[in-house]
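What follows is the residue order along each chain.
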Amino acid sequence: TSSISVAPINGPPNFVFDNNPASATRNTTALIAAYDYVLSILNQYPRDRLETNFIIYFPAVAAGLNRGYVNNTIVYTGTTDEGENLQYIRFWGQNRNRITVQLVDGAFGTTQKPVFSFVKGILNSLETKNSMRGITVNTGRNNSGATAINLAGANGNYLTQVNAISGDGQGKAGFRI
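Residues numbered from 1 in each chain as written. Predicted model: local features only at pLDDT ≥ 70, side-chain atom pairs only at ≥ 80, totals over all residues. Heavy atoms only, no water.

### Points about the packing of aromatic side chains
We count it as follows: Paired rings are identified among Phe, Tyr and Trp, the last through its six-membered ring, by centres lying within 6.5 Å, and are further divided according to the angle between planes into stacked (under 30 degrees), edge-to-face (over 60) and tilted (the rest). Runs of H or I in DSSP of at least four residues are treated as helices and runs of E of at least two as strands, each being numbered from the N terminus. The cut-offs for exposure are 20% and 50% of the maximum accessible area for each residue type, with area from a 1.4 Å probe on protein chains only; residues under the lower value are buried, those over the upper are exposed, and the others partly exposed. Each ring is checked for a lysine NZ or an arginine CZ that lies within 6 Å of its centre and within 35 degrees of its normal; such an atom marks a charge sitting over the ring.
Evaluated as defined, the whole model comprises four aromatic pairs. Summarising the aromatic geometry, the rings of Tyr35 and Phe91 are spaced 5.5 Å apart at their centres and angled 70 degrees between planes, so their arrangement reads as edge-to-face. On the criterion of sequence distance, the pair formed by Tyr35 in helix H1 (residues 24-42) and Phe91 in strand S4 (residues 90-93) is long-range, its members being 56 residues apart. For Phe91, a relative accessible area of 0% corresponds to the buried category. Between Phe91 and Phe116, the aromatic rings sit 5.0 Å apart at their centres with planes inclined by 65 degrees, giving edge-to-face as the arrangement. Of this pair, Phe91 sits in strand S4 while Phe116 sits in strand S6 (residues 113-117), placing them 25 residues apart in sequence. Over the ring of Phe108 we find Lys113; its NZ or CZ atom is 4.6 Å from the centre of that ring. Residue placement shows Arg133 over the ring face of Trp92; its charged tip is 4.6 Å from the ring centre.

### As for H1
Convention followed: The length a helix should cover is 1.5 Å for every residue beyond the first.
Across its 19 residues, H1 extends 27 Å between first and last C-alpha, which sits within 8% of the 27 Å expected from 1.5 Å per residue. Buried residues of H1: Ala24, Asn27, Thr28, Ala30, Leu31, Ile32, Ala34, Tyr35, Val38, Leu39, Ile41 and Leu42, and no others.

### Observations concerning the pairing of strand S2 (residues 55-58)
The line we're drawing: In this analysis, strands are considered paired if DSSP registers two or more bridges between them.
Alternating residues of S2 divide into Ile56 and Phe58, all buried, and Ile55 and Tyr57, none buried. In the sheet, S2 pairs with S4 via three bridges, with the strands oriented parallel. In the sheet register, Ile56 faces S4, and the bridge partner there is Phe91.

### Thoughts on the nonpolar core
Here is the rule: In plain words, nonpolar cores are sets of buried Ala, Val, Leu, Ile, Met, Phe, Trp, Tyr and Cys residues tied together by side-chain atoms within 4.5 Å.
Formed by 36 residues in total, the largest nonpolar core has its most connected members in Tyr35, Phe58, Ile89, Phe91, Phe116 and Met132. When contributions to this core are tallied by element, the ones reaching two or more residues are H1, S2, strand S5 (99-103), S6, strand S7 (131-138) and strand S8 (146-150). When residues of this core are assigned to their parent elements, the largest contribution, eight residues, is made by H1.

### Some points on the confidence of the model for the protein
The condition that has to hold: Known as pLDDT, the predictor's confidence for each residue is given on a scale from 0 to 100. By definition in these notes, contact holds between two residues if any of their heavy atoms fall within 4.5 Å.
For the protein, the mean per-residue pLDDT works out to 81, and 81% of the residues sit at or above 70. The element-level mean pLDDT for the protein is lowest in strand S1 (residues 5-7), coming to 45, with S7 highest at 94. Taken as a whole, residues 1-12 scores under 50 in pLDDT and shows 31 contacts with residues more than four places along the chain or in a different chain.

### Details of the environment of Tyr37
Structurally, Tyr37 is set in helix H1. Exposure remark for Tyr37: the relative accessible area of 34% places this residue in the partly exposed category. In the structure, Tyr37 is positioned 39 residues away from Tyr76 in sequence and 9.0 Å away in space, judged by C-alpha atoms.

### Details of unusual backbone geometry
Look at Asn142: it is not a glycine, yet its phi comes out positive at around 60 degrees. You can call Asn142 exposed: its relative accessible area is 55%. Despite not being glycine, Gln161 shows a phi value in the positive range, around 55 degrees. Note on placement: Gln161 falls in strand S9 (residues 158-165).

### Quick look at the side chain of Thr100
Looking at the secondary structure, you find Thr100 in strand S5. Aside from chain neighbours lying at most four places away, what touches Thr100 is Phe17, Leu65, Asn66, Arg67, Gly68, Thr136 and Asn138.

### Quick look at the environment of Asn72
Counted only if it meets this: As used in this structure description, the phrase polar contact means that two N or O atoms lie within 3.5 Å; if the pair is within protein, one of them must be able to donate a hydrogen and the other to accept it, and residues adjacent in sequence are counted only when both atoms belong to side chains.
For Asn72, the position within the fold is in the loop between strand S3 (66-70) and S4. Placed 43 residues apart in sequence, Asn72 and Thr29 show a C-alpha to C-alpha distance of 9.1 Å. Those residues in contact with Asn72, other than ones at most four positions away along the chain, are Thr28, Leu103, Phe108, Lys113 and Val115. Polar contacts involving the side chain of Asn72 include one to the side chain of Lys113, which spans 2.7 Å.

See the structure below:
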């Protein structure tokens, strides 16, 4: 197993690619903590400064597929305000064919929720420059309300080299943009 790298944090949080659904709570907590850390720095500095450039990075640590499980939406824990000021959030993987973040089977059921979300509400009207690349997001089985990625923002957002997969073909949507 290996951990997620979150630049420039010293010492990675406890996200592991171990192909084990039992790791989902730890992985979900680790990703949300990384998200919260990035936002805590973003809230201290004006935008477009070196201090506000982070990548929550998923390296391929073993040959073949590197799969880590989650059991809830990956989104920050703070409160929202109008516009959310959610900018420069980047989830990048080394290779979408080798990096999969998968929702535990039945975790959402019919509840309509995203696996990854770049907004808590429905609107982020800022020039956000949020991105995801090099990752496959699998909504698992028995999660018919699940959406892989909820991307929001006015300008500069992108998804590239990203796969959205429903493990049983019953997911609600791949992307909500």
